[in-house]
Amino acid sequence: MTVTLEVSEGVGTIRLDRPPMNALDIATQDRLRELAEEAARRDDVRAVVLYGGEKVFAAGADIKEMQAMDHAAMVLRSKALQDSFTAVARIPKPVVAAVTGYALGGGCELALCADFRIAADNAKLGQPEILLGLIPGAGGTQRLARLVGPSRAKDLIFTGRHVKADEALTIGLVDRVVPAAEVYGQARAWAAKLAQGPALALRAAKECVDAGLETDIDTGLTVERNWFAGLFATEDRERGMRSFVEEGPGKAKFL
């Protein structure tokens, strides 16, 4: 399998495994969607790590495969391509990308689908599609601009340049830079901590933030208000407030 899902102690690791560079061919894209949907529905998965291994996250699409496609073929394929990445972005649980080595093109777009990105100090990210006479097609023009702002997104997309880890951190493309050997461990620790949190409240928080970025503030506030009130019907809310009153803040256990 080019993509696998391993679950341990509430954390599901979606691992890309297509040596040497984890090129995202059609089979890998489709398998990624299947496993993202599986992680979304499984109760034993409470947080997710995206990982490409110790050497590389994903160096982009399979260019040889794409070169053989004409306009008609890509018209049929482009929606499925985007759907694969959207399935990752819509996992209703915390998702962290553990980025090692190259995260270029589709690899960068996949990292953009996570809620949090931890990068190795030797990582390089970018959207080099312009150098092929193309633009990002798996959400890069949309998610990158929302994350780092339109001007910085245009700089990266227009030039196709690679961004080293330190610059990626400065512009907000990644959230933490650590030694390469620590990337997966720190990503898993972040996910494991959140896996012990209140699942419905985390789902609500993610949906409110993501939905709010895609609409006007009044609609976003309505989404927030509905989720906020709805959480008062959950056992986790009762447990959290009871623990606060009886034991003080930060001591509630939600599993």
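Below is a summary of the structure that appears in this document. These figures come from a predicted structure and were not determined experimentally.

Reading the values: rules and limits
- Residues numbered from 1 in each chain as written.
- Predicted model: local features only at pLDDT ≥ 70, side-chain atom pairs only at ≥ 80, totals over all residues.
- Heavy atoms only, no water.
- Pairing = 2+ DSSP bridges.
- Helix = DSSP H or I, 4+ residues; strand = E, 2+ residues; numbered from the N terminus.
- Axes fitted to C-alpha atoms, helices over the stretch in contact; angles between N-to-C directions.
- Salt bridge = Lys/Arg side-chain N within 4 Å of Asp/Glu carboxyl O.
- Buried < 20%, exposed > 50% of the residue type's maximum accessible area, 1.4 Å probe, protein only.
- Parallel < 35°, antiparallel > 145°, perpendicular 65-115°, else oblique.
- Left-handed = near helix turned anticlockwise from the far one by under 90°.
- Contact = heavy atoms within 4.5 Å.
- Nonpolar A, V, L, I, M, F, W, Y, C, P; charged D, E, K, R; others polar.
- Phe/Tyr/Trp six-rings, centres within 6.5 Å; stacked < 30°, edge-to-face > 60°.
- Expected span 1.5 Å × (residues − 1).
- Polar contact = N/O pair within 3.5 Å; in protein donor to acceptor, adjacent residues only side chain to side chain.

1. Points about the sheet that holds strand S7 (residues 124-126)
1) Next: Across the sheet, which stays open at both edges, the 3 strands sit in the order S5-S7-S8 with mixed pairing between neighbours. Two strands lie at the open edges of the sheet, namely strand S5 (102-104) and strand S8 (162-164), each paired on one side alone. Ignoring strand direction, the axes of neighbouring strands in this sheet form an average angle of 20°.

2. Side note on the pattern of salt bridges
1) Next: Tallied over the full model, the rule gives 14 salt bridges.
2) Next: Here Arg31 makes a salt bridge to Glu34, at a shortest N to O gap of 3.2 Å. In this pair, Arg31 and Glu34 are both assigned in helix H1 (residues 26-41), 3 residues apart and thus about one turn of the helix distant.
3) Next: For Glu34, a relative accessible area of 36% translates into the label partly exposed.
4) Next: For Arg117, the salt bridge goes to Asp175, with nearest N and O atoms at 4.0 Å. Of this pair, Arg117 sits in strand S6 (residues 116-120) while Asp175 sits in the loop between helix H7 (165-171) and strand S9 (176-178), and the two are 58 residues apart along the sequence.
5) Next: Judged by relative accessible area, Arg117 falls into the buried class, the value being 3%.
6) Next: Within the structure, one salt-bridge network assembled from shared partners comprises Arg18, Asp25 and Asp62.

3. Points about the sheet that holds S9
1) Next: With mixed pairing, 6 strands are arranged side by side in an open sheet as S1-S2-S3-S4-S6-S9. In the strand order of this sheet, the two ends are held by strand S1 (3-8) and S9, each with one partner. Neighbour-to-neighbour, the strand axes of the sheet open up by a mean angle of 20°, direction not taken into account.
2) Next: Alignment of strand S2 (residues 11-16) against strand S3 (residues 47-51), held across 5 bridges, turns out to be parallel. In the sheet register, Gly12 faces S3, and the bridge partner there is Val48.

4. As for the packing of helix H5 (residues 140-148) against helix H6 (residues 150-159)
1) Next: Where H5 meets H6, the axes come as close as 7 Å, and the angle between the chain directions of the two elements is 135°. On the basis of the axis angle, H5 is oblique to H6. In terms of crossing hand, the pair formed by H5 and H6 is right-handed. Contacts between H5 and H6 pair Gly140, Thr141, Leu144, Ala145 and Val148 from the former with Pro150, Arg152, Ala153, Leu156 and Ile157 from the latter.
2) Next: For the contact of H5 with H6, the residue count by class is 7 nonpolar, 2 polar and 1 charged.

5. A look at the packing of aromatic side chains
1) Next: Under the criterion given, the structure shown has 3 aromatic pairs.
2) Next: Both rings, one in Phe228 and one in Phe232, keep their centres 5.5 Å apart while their planes meet at 75°; by these two values the pair is edge-to-face.
3) Next: Residue classification places Phe232 among the partly exposed positions, given a relative accessible area of 39%.

6. Some words on helix H10 (residues 217-230)
Quick reminder: α-helices carry 3.6 residues per turn. Residues three or four places apart thus point the same way.
1) Next: Over its 14 residues, H10 extends 20 Å from the first C-alpha to the last, a length consistent with the 20 Å expected when each residue adds 1.5 Å.
2) Next: Between the side-chain oxygen of the N-cap and the backbone nitrogen of Asp218 there are 3.1 Å, and the N-cap of H10 in question is Asp216.

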